[in-house]
Amino acid sequence: MAKGPGLYTEIGKKARDLLYKDYQSDHKFTVTTYSPTGVAITCSGTKKGELLLADVTTQLKNKNITTDVKVDTDSNLLTTVTIDQPAPGLKAILSFKLPDQRSGKVELQYLHDYAGISTSVGLTANPVVNFSGVLGTNLLALGTDVSFDTKTGNFTKCNAGLSFSNADLIASLNLNEKGDVVSASYYHSVYPEQNTALGAEVTHRFANSENTITLGAQHALDPLTTVKGRVNNFGKANALIQHEWRPKSFFTLSGEVDTRAIEKSAKIGLALALKP
């Protein structure tokens, strides 16, 4: 278990990963190669219905500096420069996307035994400023995540979260969308040696009094194969199987059915990730 509370994005992450990660209804293919000089090149393609999306990412590491350059089919060029540990516990990130001249952003992250802080500011005349902070330990943590638009003078985001953890369970409570949505999640590691875990999430939206309940589970059939399943109160049921057929290379097959409209065809998703 990590020593400090981590960043705000880690509140409830275990439950979110169990319930939502790797599920998809598209067809995705990713292949990564490495040059003799250590440059990593990743090509990715996703088929969404009749639409085909693709991108190429190049990653270069030099000591504690990592540079990622990504080009997609919409002719966008995204560049991210990450400087790890310029000072103890600190990470600096510079990112910008061309041709969007307002996309530039600088972010600083700081991790401490009793705190996790992330702050970012846009590189524009009237930037959006974001701040998130978590105080506590790896057992109990309280955090907030806010964004302020200096152009309009309004808070565009105001969230808060609470997390409790012990050796085999993690519970979290989040207040999102300026207090309109409250979400509680639960993750329980049942048999760690078999990667067997249970997860649940309950969300209530005050604006329309809508409740969403999602239950899920995962289990490792063997050291290389994992199965997951989830169901929600709207009758949507999902399942997936993921197999690591070679080190760091995964094949994932997922499906979704609407139990309230069983006559509809099931949605099937495929994902193949290849790494040398």
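Report on the accompanying structure.

Reading the values: the criteria
Residue positions within a chain follow its written sequence, with the count starting from 1. Note on the predicted model: pLDDT of at least 70 is required for a residue's local features to be given, and 80 or more for side-chain atom pairs to be given and counted; whole-chain, interface and lining totals, by contrast, use all residues. Where side-chain values are given, they derive from all heavy atoms of the structure, hydrogens and water being excluded. Secondary structure counts use DSSP, requiring at least four H or I residues in a row for a helix and at least two E residues in a row for a strand, with both numbered from the N terminus. Note that the radius of gyration is over C-alpha atoms, with the globule rule given as 2.2 Å times the number of residues to the power 0.38. For each residue, the accessible area found with a 1.4 Å probe, counting protein chains only, is set against the maximum for its type, and the residue is called buried under 20%, exposed over 50%, and partly exposed in between. Two residues qualify as a contact provided that any one of their heavy atoms is within 4.5 Å of a heavy atom in the partner residue. Definition used for salt bridges: Asp or Glu carboxyl oxygen within 4 Å of a side-chain nitrogen of Lys or Arg. Should DSSP find at least two bridges between two strands, the strands are taken to pair. We call a set of buried residues a nonpolar core when its members are Ala, Val, Leu, Ile, Met, Phe, Trp, Tyr or Cys and they connect through side-chain atoms within 4.5 Å of each other. Pairing of aromatic rings covers Phe, Tyr and the six-membered ring of Trp, with a centre-to-centre limit of 6.5 Å; geometry is then stacked below 30 degrees between planes, edge-to-face above 60, and tilted otherwise. Only Lys NZ and Arg CZ are tested; either one counts as a charge over a ring when it is within 6 Å of the ring centre and within 35 degrees of the ring normal.

### Observations regarding the overall build of the protein chain
Looking only at helices and strands, the protein chain features 1 helix and 19 strands. Since a compact globule built from 276 residues should have a radius of gyration of about 19 Å, the 21 Å found for the protein chain is in line with a globular shape. Dimensions of the protein chain along its principal axes, counting C-alpha atoms only, are 55 × 45 × 40 Å. Counting every position in the protein chain, which comprises 276 residues, the buried fraction comes to 30%. The long-range fraction of contacts in the protein chain, counting pairs at least 24 apart against all pairs at least 6 apart in sequence, stands at 27%.

### Quick word on the environment of phenylalanine 96
Tracing the chain through its elements places phenylalanine 96 in strand β6 (residues 90–98). Considered as a pair, phenylalanine 96 and alanine 266 are 170 residues apart in the sequence and their alpha carbons are 39 Å apart. Non-local contacts of phenylalanine 96, meaning those with residues more than four positions away in its chain, are made with Leu77, Leu78, Thr79, Ser103 and Gly104.

### Describing the pattern of salt bridges
Going through the model one piece at a time under the given rule, you end up with 6 salt bridges. Its salt-bridge partner being glutamate 177, residue arginine 205 comes within 2.8 Å of it at the nearest N-O pair. Separated by 28 residues along the polypeptide, arginine 205 in strand β14 (residues 196–205) and glutamate 177 in the loop between β12 (169–176) and β13 (181–191) bring together distant segments of the chain. Relative accessible area serves as the criterion here: at 28%, arginine 205 is assigned to the partly exposed category. Among the residues examined, glutamate 177 registers a relative accessible area of 44% and is labelled partly exposed.

### Concerning the pairing of strand β18 (residues 249–258)
Note that strand β17 (residues 236–246) and β18 share 10 bridges and pair antiparallel. If you follow lysine 236 over to β18, its bridge partner there is aspartate 258. Hairpin connection between β17 and β18: a loop of 2 residues separates the two successive antiparallel strands, and lysine 248 in this loop has a positive phi of roughly 70°. The sheet contact formed by β18 and strand β19 (residues 267–274) spans 7 bridges and is antiparallel. Bridge assignment links leucine 253 to a residue of β19, and that residue is leucine 270.

### Brief notes about the nonpolar core
Counting residues in hydrophobic clusters, the biggest one holds 5 residues: Ala15, Leu18, Leu19, Tyr187 and Ala197. Looking at which element gives the most residues to this core, the answer is helix α1 (residues 13–20), with 3 residues. Once you skip the residues sitting within four places of it in the chain, leucine 19 turns out to touch Gly199, Ala200, Glu201, Thr214, Leu215, Gly216 and Arg230.

### Section: the packing of aromatic side chains
Counted by the stated rule, this structure contains 1 aromatic pair. A cation over an aromatic ring shows up here: arginine 230 above the ring of tyrosine 23, its NZ or CZ 4.4 Å from the ring centre.

Just distances and angles here, no functional claims.
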